[in-house]
Amino acid sequence: MRPRLRGCLVGALIAAGLFVLGVVALWPDAPERERPKPSAPAVEERRLDERRMELAIRSEALGATTKVRLLLPRGWESRTDWPVLLLLHGGLDDHTSWTAKTDVEALTRDTGVLVVMPDGGRCGSYSDWWNGGEGGPPRWESYHLKELLPLLESRYRAGGRRAVAGYSMGGQGAMLYAAKGRFEAAASFSGAVHILAPGVPQAVMAGTTIGCFGTDWKRVWGDPEAQRDVWRAHNPYDQADRLEGVRLYVAAGEGDLVEDLANRAARAFIGRLKELNIPVRTHFYRGGHNHTYWQRELHRAYPMLMAAIGAR
């Protein structure tokens, strides 16, 4: 890619926040039994209306208090095993973005599913940051998978059948979390599903530094060459073999520089899945990197996601 074109691409990525990414596993390959188990987090809850509940959770993995928004199903108090839909936001959004910018509340109103929308941090990328090899906070993957999910089951009537979906940075998170074996289905909308594709590491570096208030991009996964194994551990393309048995949906548009990059990443990721004989539903379309299309793609993926977790 010519320097001028690459510069334009990186600039567009910063503006739209597509690959403002982050995180790396603190113990990437350690068995579960060797990892310290966090204590039950302290929680404050606030009921916003009949369906919306907001939690403030003191997370040991993050070393901070973070928030989660829930959409409760009708009759929520009548059972303790509700299927869960985890919705992940993009790099510059937060836990309110799905309800503020899409019609997810109306879409899920008549479905027996507990919708969970956690904060994923600005540039958090749904993993545990490398931090120069020292680990430590923020550990987004540990918080979501080892603190939040057990909390939902113990206090908020969640069952063990789960689907996950996300847009932009959240699309990467959806596929990474599904690769951990904790979800029946996963959907990526304009997701960062190949972070080592040409031009993307440069976008990560620039986007993290400029889009996230001067954050040192090497805190996230380290250097893409020196810490190549760390980047691969958080690249859905390189983790694709672990998605066997998960029902998958991948969508991306074409029409602006940011979405074009997401499109190329999605096509490479889908190609890898096909090499592995892993089925995937796909949708490619004309459209940009914004909530208009992510809402539409959630509608398209929704029947498959609900069928996978037995929600009606």
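In what follows, the accompanying structure is described. (Residues numbered from 1 in each chain as written. Predicted model: local features only at pLDDT ≥ 70, side-chain atom pairs only at ≥ 80, totals over all residues. Heavy atoms only, no water.)

1. Regarding helix H10 (residues 291–309)
Think of an α-helix as turning once every 3.6 residues; residues three or four places apart then point the same way.
And step 1. Residue Ala 301 marks the point of greatest curvature in H10, where the axis turns by about 45 degrees; the proline Pro 303 follows within four residues.
And step 2. The complete set of buried residues in H10 reads His 291, Trp 294, Glu 297, Leu 298, Ala 301, Tyr 302, Met 304, Leu 305, Met 306, Ala 308 and Ile 309.
And step 3. For H10, the N-terminal capping position is held by Asn 290, with its side-chain oxygen 3.0 Å away from the main-chain nitrogen of Thr 292.
And step 4. Positive phi shows up at Gly 310, right after H10, with a value of about 70 degrees. (Bend = angle between axes of the 7 residues up to and from the residue. Helix = DSSP H or I, 4+ residues; strand = E, 2+ residues; numbered from the N terminus. Buried < 20%, exposed > 50% of the residue type's maximum accessible area, 1.4 Å probe, protein only. Polar contact = N/O pair within 3.5 Å; in protein donor to acceptor, adjacent residues only side chain to side chain.)

2. Focus: the packing of aromatic side chains
And step 1. Scanning all chains against the criterion turns up 7 aromatic pairs.
And step 2. Taking the centre distance of 5.1 Å and the plane angle of 65 degrees together, the rings of Trp 98 and Tyr 167 count as edge-to-face. Taken together, the positions of Trp 98 in helix H2 (residues 97–101) and Tyr 167 in strand S6 (residues 158–167) put the pair 69 residues apart, joining distant regions of the chain.
And step 3. The exposure class assigned to Tyr 167 is buried, which follows from its relative accessible area of 1%.
And step 4. Ring plane angle 75 degrees and centroid distance 6.3 Å describe the contact between Trp 140 and Tyr 143, whose orientation is recorded as edge-to-face. In this pair, Trp 140 and Tyr 143 both sit in helix H4 (residues 140–155), 3 residues apart, roughly one turn of the helix.
And step 5. An aromatic cluster is defined as three or more aromatic residues linked by ring pairs; in this entry it consists of Trp 98, Tyr 167 and Trp 294.
And step 6. Directly above the aromatic system of Phe 284 lies the positively charged group of Arg 267, at a separation of 3.9 Å from the ring centroid.
And step 7. Over the ring of Tyr 285 we find Arg 296, and its NZ or CZ is 4.6 Å from the ring centre. (Phe/Tyr/Trp six-rings, centres within 6.5 Å; stacked < 30°, edge-to-face > 60°. Lys NZ or Arg CZ within 6 Å of the ring centre and 35° of its normal.)

3. Concerning the side chain of Thr 99
And step 1. Among the structural elements, Thr 99 can be located in helix H2.
And step 2. For Thr 99, the residues in contact, after removing those within four places along its chain, are Arg 69, Leu 71, Val 104 and Met 117. (Contact = heavy atoms within 4.5 Å.)

4. Considerations on the nonpolar core
And step 1. Counting residues in each nonpolar core, the largest one holds 58 residues, and the members touching the most others are Leu 70 and Val 116.
And step 2. When residues in this core are grouped by element, the largest group, 7 residues, is from H4.
And step 3. Ignoring any residue separated from it by four or fewer positions in sequence, one finds Val 116 in contact with Val 68, Arg 69, Leu 70, Val 84, Leu 85, Leu 86, Leu 87, Leu 148 and Leu 152.
And step 4. Judged by nonpolar contacts, the second largest core, of 28 residues, contains Val 104, Leu 107, Ala 165 and Tyr 285. (Core = buried A, V, L, I, M, F, W, Y, C linked by side-chain atoms within 4.5 Å.)

5. What about the pattern of salt bridges?
And step 1. On inspection of all chains with the given rule, the structure shows 13 salt bridges.
And step 2. In this structure, the salt-bridge partner of Asp 110 is Arg 74, at a minimum N-O distance of 3.3 Å. With Asp 110 in the loop between helix H3 (104–108) and strand S5 (114–118) and Arg 74 in the loop between strand S3 (64–71) and strand S4 (82–88), this pair connects stretches of sequence that are 36 residues apart.
And step 3. Assessed through its relative accessible area of 56%, Arg 74 is described here as exposed.
And step 4. Beyond isolated ion pairs, a larger network of salt bridges with shared partners links Arg 46, Glu 54, Lys 67 and Arg 69. (Salt bridge = Lys/Arg side-chain N within 4 Å of Asp/Glu carboxyl O.)

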